[in-house]
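Descriptive structure summary
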Amino acid sequence: MSKILVTGGLGYIGSHTVVALQEAGFKVIIVDNLSNSSVKVLEGIVAITGETPAFENFDLRDKQNTTAFFKRHKDITGVIHFAASKAVGESVENPLLYYENNINTLIYLLQELSKKESSNIIFSSSCTVYGQADVMPITEEAPIKLAESPYGNTKQIGEAILKDTCKANQNFNAIALRYFNPIGAHRSAKIGELPIGVPQNLVPYITQTGAGEREQLSVFGDNYPTTDGTCVRDYIHVVDIANAHVIALQRLLNKKHKSNFEVFNLGTGTGSTVLEVIKSFERVSNQNLNYKIVDRREGDVISAFADTKKANTVLGWKAKSSLDDAMQSAWKWQQTIKSKL
Ligand code: NAD
Ligand code: UFG
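Quick look at the structure, then. (Residues numbered from 1 in each chain as written. Chains lettered and ligands numbered in written order. Predicted model: local features only at pLDDT ≥ 70, side-chain atom pairs only at ≥ 80, totals over all residues. Heavy atoms only, no water.)

**Overview of the site of ligand 1**
Ligand 1 sits among 28 residues. The nearest are D32, N36, S37, N101 and Y151. G11 places a polar main-chain atom, nitrogen or oxygen, 3.3 Å from an oxygen atom of ligand 1. Take N36: an N or O atom from its side chain is 2.7 Å from an oxygen atom of ligand 1. Against a free-state accessible area of 820 Å², the protein chains account for coverage of 95% of ligand 1. Contributing elements (two or more residues each) for the shell around ligand 1: α1 (12-23), α5 (95-113), β5 (119-126) and α6 (150-168). (Near = heavy atom within 4 Å. Polar contact = N/O pair within 3.5 Å; in protein donor to acceptor, adjacent residues only side chain to side chain. Areas by Shrake-Rupley, 256 points an atom, 1.4 Å probe, with all protein chains shown as cover. Helix = DSSP H or I, 4+ residues; strand = E, 2+ residues; numbered from the N terminus.)

**Looking at helix α2 (residues 41-49)**
Taken together, the buried positions of α2 are V41, L42, G44, I45 and I48. The arc enclosing the buried residues of α2, seen along the axis, measures out at 160°, which places them on a common side. Taken together, the buried residues of α2 touch α1, β2 (27-31) and β3 (54-56). (Buried < 20%, exposed > 50% of the residue type's maximum accessible area, 1.4 Å probe, protein only. Arc of directions from axis to C-beta. Contact = heavy atoms within 4.5 Å.)

**Overview of the sheet that holds β3**
Taking strand neighbours across the sheet as the criterion, the 7 strands line up as β3-β2-β1-β4-β5-β6-β11 in an open arrangement whose pairing is parallel. The open sheet has two edge strands with one neighbour each: β3 and β11 (261-266). Mean inter-strand twist for the sheet, computed between neighbouring axes without regard to direction, equals 20°. Here 3 bridges tie strand β4 (residues 76-81) to β5, and the two strands are oriented parallel to one another. By the bridge assignment for β5, I80 is matched with I122. (Pairing = 2+ DSSP bridges. Axes fitted to C-alpha atoms, helices over the stretch in contact; angles between N-to-C directions.)

**Thoughts on the pairing of β5**
Counting buried residues in β5 gives 8 out of 8 residues, a clear majority hidden from the surface. Here β5 shows no split at all, with S119, I121, F123 and S125 on one side and N120, I122, S124 and S126 on the other all buried. Direction of pairing for β5 relative to strand β6 (residues 172-179): parallel, over a ladder of 8 bridges. What sits directly across from S124, in β6, is L177. In the classification by handedness, the crossover that spans β5, the intervening α6 and the parallel β6 is right-handed. (Right-handed = clockwise from strand over helix to strand, strands pointing away.)

**Section: the environment of L252**
Note on placement: L252 falls in helix α8 (residues 238-253). Spatially, the C-alpha atoms of L252 and K116 are 15 Å apart, while their sequence positions differ by 136 residues. Residues contacting L252, with those up to four places away along its chain left out, are N120, I121, I122, N173, A174, I175 and H257.

**Examining the side chain of H237**
The topology assignment puts H237 in strand β10 (residues 235-237). At 3.3 Å, the side chain of H237 and the side chain of S329 are in polar contact. The residues contacting H237, other than those within four sequence positions of it, are I183, A185, S321, D325, A326 and S329.

**Things to note about the pattern of salt bridges**
For the structure on display, the rule yields 12 salt bridges. When the shortest N-O distance is used, the salt bridge between K309 and D307 registers 3.5 Å. For D307, a relative accessible area of 12% gives the class buried. Each of the salt bridges in this network shares a partner with another, and the network as a whole consists of D59, R61 and E100. (Salt bridge = Lys/Arg side-chain N within 4 Å of Asp/Glu carboxyl O.)

**Observations concerning the site of ligand 2**
Around ligand 2, a shell composed of 22 residues is seen, among which S126, N201, S218, R233 and D300 lie nearest. Here a nitrogen atom of ligand 2 and a backbone polar atom of S218 are 2.7 Å apart. Taking F220, its main chain carries an N or O atom lying 2.9 Å from an oxygen atom of ligand 2. The fraction of the free accessible surface of ligand 2 (690 Å²) that becomes covered by protein chains is 88%. Here the residues of the shell around ligand 2 sort into 12 nonpolar, 6 polar and 4 charged. (Nonpolar A, V, L, I, M, F, W, Y, C, P; charged D, E, K, R; others polar.)

**As for the packing of helix α3 (residues 63-72) against α5**
At their nearest, the axes of α3 and α5 sit 10 Å apart, and the two run at 35° to each other. Where α3 crosses over α5, the two elements pack in a sense that is right-handed. From α3, K63, T66, T67 and F70 reach across to α5, where they touch Y108, L109, Q111, E112 and L113. Along the lines of polarity and charge, the residues of the contact of α3 with α5 split into 4 nonpolar, 3 polar and 2 charged. (Left-handed = near helix turned anticlockwise from the far one by under 90°.)

**A closer look at the packing of helix α7 (residues 202-210) against helix α11 (residues 323-336)**
Running from N to C, α7 and α11 cross one another at 55°; their axes reach a closest spacing of 10 Å. As the angle between them shows, α7 and α11 are arranged oblique. Considering only the axes of α7 and α11, their crossing is right-handed. Listed contacts from α11 to V203, P204, I206, T207, Q208 and G210 of α7 are M327, A330, W331 and Q334. Split into classes, the residues belonging to the contact of α7 with α11 amount to 6 nonpolar, 4 polar and no charged. (Parallel < 35°, antiparallel > 145°, perpendicular 65-115°, else oblique.)

Structure below.
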């Protein structure tokens, strides 16, 4: 049985991917420093899969510990690297934290993987690398724009580091997955997103407002050149994202990849406006949401949704859930979240 290292495996996307990996028969070892997650997430994973993944709590910025870890686990056949800091605003205020965490952890991992005869890694990238793309939907060939934030820059640099490493070493195989906007939770509501403090992202803000934890949602701008004036994004169920990781990993392990560095968009292919997301929430929760239109948020792109042809045809993966499915799962999770903390 293949043993897979999942860094950041107790985080939002990581935990859903651990579930999908275990359900697909992989043996998982998680490394997470709990900087943005809780050890209780393990209980949710076990409740869903009936299986306890191995877990080591350490910081991947610690090179010595990372080296010692790989010495202890020589049988790791693939790595899915989620561990990173991900708050755009915080990255503007504290860029060095972002460069240190998101770049050093990747370099240390790659240094360890280069010691192996052959290695496979999946990297969490983001549609943020496209900035405001000129053409919708966005294909993988769209130009990479100047990063809007240090966080976005770490994703561009991360992809470049992987590409160069793969070019220099043909035994190195990497896939960068560019997520659009992951939302929702596992249908069991045993794992989900745990935003710390005031949520910066739309969907957790909506569900917390629906649950009465926030008074009102602020909609950032309604004078954009879109159908209803609010920004457009490609909201994708986190379980669809998790499943794509399993397929991408199998592609590398089964040596089905065409090049040793590949990039895929992970989105639904459909753009939704902020007001459409609110309407979806109102449908699935059977209640009206308290919201008001405020000024635009600095740095927001007008529109971003994926061309998913490459992921559909080459990877053989397609998002299955609708926006309403994803909102329904987010709302169910919101209603049980307190008992999880
Ligand atoms: P998350 O914060 O929920 O998960 C990241 C996990 O990594 C956390 O559990 C955290 O404790 C851990 N971690 C962070 N730094 C670490 C370190 N130095 N050593 C060990 N563990 C560490 O984030 P997420 O939403 O699950 O995102 C996962 C990945 O996907 C990140 O790389 C993120 O940048 C990327 N991504 C996320 C989104 C999104 O909207 N959620 C969109 C695009 C890309
Ligand atoms: N929005 C609101 N009110 C809120 C929060 C968000 O109106 O309280 C709007 C935003 O203006 C935007 C849309 O909802 O139009 C989505 O905003 P999010 O913050 O949920 O998502 P973003 O597309 O801005 O950013 C997300 C991640 C980033 C990542 C980016 C691309 O937060 O980390 O997707 O992957 F870089």
